[in-house]
Amino acid sequence: MISRARITRRTAFRLAGLVAGIITLINVLIFAILYFVISQQLSSHLKAHINEVRKTLIDVQGEESDGFQELSAMVARHALVAQSDEDIYLLTDEAGKYISGNVHSLERFSGFRAIPWKDLKLVGRWASPRASDAVIGTWTPVKGGFLFVGDGNGDIKDAQRLLLTGLLWGICLSIVCALIGGYLLGVKAQRRVAEMERVLDAVASGELHLRVPRNSLSDDIDHVAALINAMLDRLERLIDNLKQVSVDVAHDLRTPISRMRQKLETVRSGPDNLTLYKDIVDDSLDEIDNIADTFDALLRISEIETGARKMKFVEVELNSLLANLGDALEAVAEERQHTLRLPNGCADRVMVLGDRRLLNQLFINLIENAIVHCPNGTDIDVELGGDLQGPIIRVKDTGPGIPPEEREKVFRRLYRLEKSRTTRGSGLGLSLVAAIAALHDATITLADNHPGLVAEVRFCGASTSD
Ligand SMILES: Nc1ncnc2c1ncn2[C@@H]1O[C@H](COP(=O)(O)OP(=O)(O)OP(=O)(O)O)[C@@H](O)[C@H]1O
Ligand SMILES: [Mg+2]
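Residues numbered from 1 in each chain as written. Chains lettered and ligands numbered in written order. Predicted model: local features only at pLDDT ≥ 70, side-chain atom pairs only at ≥ 80, totals over all residues.

**Student:** When you look at the overall build of the protein chain in this model, what are you seeing that I'm missing?
**Tutor:** A count of helical and extended segments in the protein chain gives nine helices and 13 strands. Rg of the C-alpha trace for the protein chain: 50 Å, well past the compact-globule value of 23 Å for 466 residues, more than 25% over. Principal-axis analysis of the C-alpha atoms places the extent of the protein chain at approximately 155 × 65 × 35 Å. Here the protein chain holds 466 residues, and the buried ones make up 22% of them. (Helix = DSSP H or I, 4+ residues; strand = E, 2+ residues; numbered from the N terminus. Rg over C-alpha atoms; globule rule 2.2 N^0.38 Å. Buried ≥ 20, exposed ≤ 12 C-beta atoms within 10 Å, placed from the backbone.)

Written out as structure tokens, the structure is:
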């Protein structure tokens, strides 16, 4: 089996190789373009020089009758000097016979042509070694014959040699740099990936608190690390929540079940009494109904949390929804001598996108809490307002309120304040409120009403119309 270190090194080398390959290719392309452009430029300079010399010589001949002799003498002088240089001259008569110059003979052609030195029959001995391997030249018809002027391509060859040396050095250097840089980068990236693997392995084996270390570079890997950490945070919260719910459910169900068992045991060991039997059975049925209700509510919250009901969202008018709550709640509030004031006659129609039944349930739960958890004769006010972000609904009471340190906890499933343990209820009302609010992208906060509690539901992105 290949070890992780070997794979890491192999990947780093592959990355280094890839970087080196790309840099080499770019270098070769740049040098090829330079090579072509510089060669072209030097070649046209050479031709311009040949044309100039040719023109000077033709001008020497002029219109005079002895012009050909003068040209011949001038070509001979040039040829003499050129023996240590790379200039080639040849003057022939019309039949192509040698008159003067530094080559004996040369076939005639039109335009410019490169003639290898080895094909030239040179006159005399040439002192200096030649840098070029060919002579570029052209024939010109003159009065009484033909004139050839050429020049060695040494300058072009020198420049090309220089460029090739530069290219080779450039490629060598860039390959070395790319290999070292690519390897270092690859090893660094791999080290961070290995770090992530280590953390994820540890999390998978139960160390949920571990997080992937971040760095200050804010690069792609760091972005992935941030996403993984956010996912781990959520996972940890969910698992904590799950643990808490399981413990709370077990705890909360144990009490009614023990109560039921105790009663059944008492009646079983006591004297035969049909009325007592019936009472105990009725009590037990009540307890069982409560347990079933708790499970129903738990299932309902879970279902809402899945978000599936979002598909059924419609435009809901909050004004009428809140005003109609009176039908269901006024009687209960009156029974406890509370004063319940609901918003009505509001000028603006406030609309939100949502599930009417669930929104109804949300506000019923909040108002019911004020009715149940406040002493008789409390003022309960429901206000409908809003700001630029969207509608805001506040349910205010003047009861005992909830201490600040408990305001987060009461949203947990089955959580009830100590003083409420004796009242009816399962501690799921606010959990349901939180789940419904989250489904509607709304926030729910509890605050002090001085005295009492104010529960504030804020919708965002909802519409208001007249
Ligand atoms: N308006 C309020 N004033 C004082 N305490 C409150 C108020 N609303 C809620 N609470 C406290 O928060 C706890 C949780 O409320 P929640 O609605 O979740 O459960 P519940 O009312 O006890 O039971 P359920 O709503 O499931 O019948 C309550 O038990 C109560 O102690
Ligand atoms: Mg409640």
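The structure having been displayed, the exposition proceeds.
**Student:** What exactly am I supposed to notice about the nonpolar core here?
**Tutor:** Generally speaking, nonpolar side chains in soluble globular proteins are found buried as a group. Among the nonpolar cores identified, the biggest contains 38 residues, and L362, F363, L366, I367, V433, I436 and A437 are the most heavily contacted of them. Breaking this core down by element, the ones donating at least two residues are helix 6 (318-323), strand 8 (349-354), helix 8 (356-373), strand 9 (379-387), strand 10 (390-397), helix 9 (429-439), strand 11 (442-448) and strand 12 (453-459). F363 has contacts with L322, L325 and I393, leaving out every residue within four places of it along the chain. (Core = buried A, V, L, I, M, F, W, Y, C linked by C-beta atoms within 7 Å. Contact = placed C-beta atoms within 7 Å.)

**Student:** Would you mind going over unusual backbone geometry with me for this structure?
**Tutor:** Negative phi values dominate among residues other than glycine, just as trans dominates among peptide bonds. Residues H450 and P451 are joined by a peptide bond in cis, for which omega reads -5°. Looking at the element boundaries, P451 is found in the loop between strand 11 and strand 12. The phi dihedral of Q337 falls on the positive side, at around 55°, and the residue is not glycine. The phi dihedral of H450 is positive, around 45°, even though this residue is not glycine. Within the secondary structure layout, H450 lies in the loop between strand 11 and strand 12. Overall, the presence of 8 C-beta atoms within 10 Å leaves H450 in the exposed class.

**Student:** It is not clear to me how the environment of D220 should be interpreted in this structure. Could you clarify?
**Tutor:** Within the fold, D220 resides in helix 4 (residues 220-269). For D220, a count of 9 C-beta atoms within 10 Å corresponds to the exposed category. Between the C-alpha atoms of D220 and S246, which are 26 residues apart in sequence, the distance is 39 Å.

**Student:** What is the right way to look at the sheet that holds strand 5 (residues 145-152) in this model?
**Tutor:** The sheet built from five strands is open, its strands ordered 2-1-5-4-3 with antiparallel pairing. Both edges of this open sheet fall to strand 2 (98-101) and strand 3 (112-116), since each of them pairs with a single strand only. The mean angle between the axes of side-by-side strands here comes to 25°, regardless of whether they run parallel or antiparallel. As judged from the five bridges shared by strand 3 and strand 4 (residues 134-142), these two strands associate in the antiparallel manner. (Pairing = 2+ DSSP bridges. Axes fitted to C-alpha atoms, helices over the stretch in contact; angles between N-to-C directions.)

**Student:** Would you explain the sheet that holds strand 10 in this entry?
**Tutor:** Spatial strand order, 7-9-10-12-11: five strands in an open sheet with mixed pairing. The sheet is open, and its two borders are formed by strand 7 (339-341) and strand 11, each paired with just one other strand. When the angles between neighbouring strand axes are averaged without regard to direction, this sheet yields 15°. Of the strand pairs in this sheet, strand 7 and strand 9 are connected by three bridges, and their pairing is parallel. The partner of T339 across the bridge, within strand 9, is D379. Strands strand 11 and strand 12 of the sheet are contacted by helix 9, whose axis makes an angle of about 140° with strand 11.

**Student:** Would you explain the pairing of strand 5 in this entry?
**Tutor:** Taken residue by residue, a regular strand's side chains alternate between the two faces of the sheet. With respect to burial, strand 5 is a largely interior element, six of its eight residues being buried. Sheet analysis places strand 1 (residues 87-93) next to strand 5, joined by seven bridges and oriented antiparallel. Looking at the pairing, I88 lines up with G150 of strand 5. Where strand 4 meets strand 5, eight bridges bridge the pair, whose relative direction is antiparallel. Across the sheet, the residue bridging to V142 is G145, located in strand 5.

**Student:** Please explain the domain arrangement of the protein chain as it appears in this structure.
**Tutor:** By a frequent convention, interface size equals the accessible area lost on bringing the separate parts together. Partitioning the protein chain into domains gives domain 1 (4-157), domain 2 (220-305) and domain 3 (310-465). For domain 2 and domain 3, the distance between their C-alpha centres works out to 24 Å. Listed by partner, the interface residues are 13 residues for domain 2 and 11 residues for domain 3. Among the secondary structure elements, those contributing two or more residues to the side of domain 2 that touches domain 3 are helix 4 and helix 5 (274-305). Ranked by residues supplied to the side of domain 2 that touches domain 3, first place goes to helix 5 with eight residues. Considering only residue class, the side of domain 2 that touches domain 3 consists of six nonpolar, two polar and five charged. (Domains from an automatic or database assignment. Nonpolar A, V, L, I, M, F, W, Y, C, P; charged D, E, K, R; others polar.)

**Student:** So what exactly am I meant to see when it comes to the site of ligand 1 here?
**Tutor:** Around ligand 1 lies a shell of 23 residues, among which N369, R416, L417, G425 and G429 are the nearest. Contributing elements (two or more residues each) for the shell around ligand 1: helix 8 and helix 9. Broken down by element, the residue count for the shell around ligand 1 peaks at five residues, all from helix 8. Counted by class, the shell around ligand 1 contains 10 nonpolar, 11 polar and two charged residues. (Near = placed C-beta within 6 Å.)

**Student:** Hey, could you run me through the packing of helix 3 (residues 154-204) against helix 4 in this one?
**Tutor:** In helix packing, the relevant descriptors are the interaxial angle and the interaxial distance, both defined with respect to the helix axes. Running from amino to carboxyl end, helix 3 crosses helix 4 at an angle of 5°, the nearest separation of the two axes being 11 Å. Compared by their axis directions, helix 3 and helix 4 come out roughly parallel. The segment helix 3 lies against helix 4, with A189, R192, M196 and V203 engaging I221, A225, I228 and L232. Residues belonging to the contact of helix 3 with helix 4 are distributed by class as follows: seven nonpolar, no polar and one charged. (Parallel < 35°, antiparallel > 145°, perpendicular 65-115°, else oblique.)

**Student:** Would you mind showing me how to read helix 9 here?
**Tutor:** Count 3.6 residues to each turn of an α-helix, and residues three or four apart come out pointing the same way. Of all 11 residues in helix 9, 10 are buried, a share of seventy percent or more. Among the residues of helix 9, those classed as buried are G429, L430, S431, L432, V433, A434, A435, I436, A437 and L439. Lining the buried residues of helix 9 we find helix 5, helix 8, strand 11 and strand 12. Once helix 9 finishes, D441 follows within two positions and takes phi at roughly 55°, a positive value.

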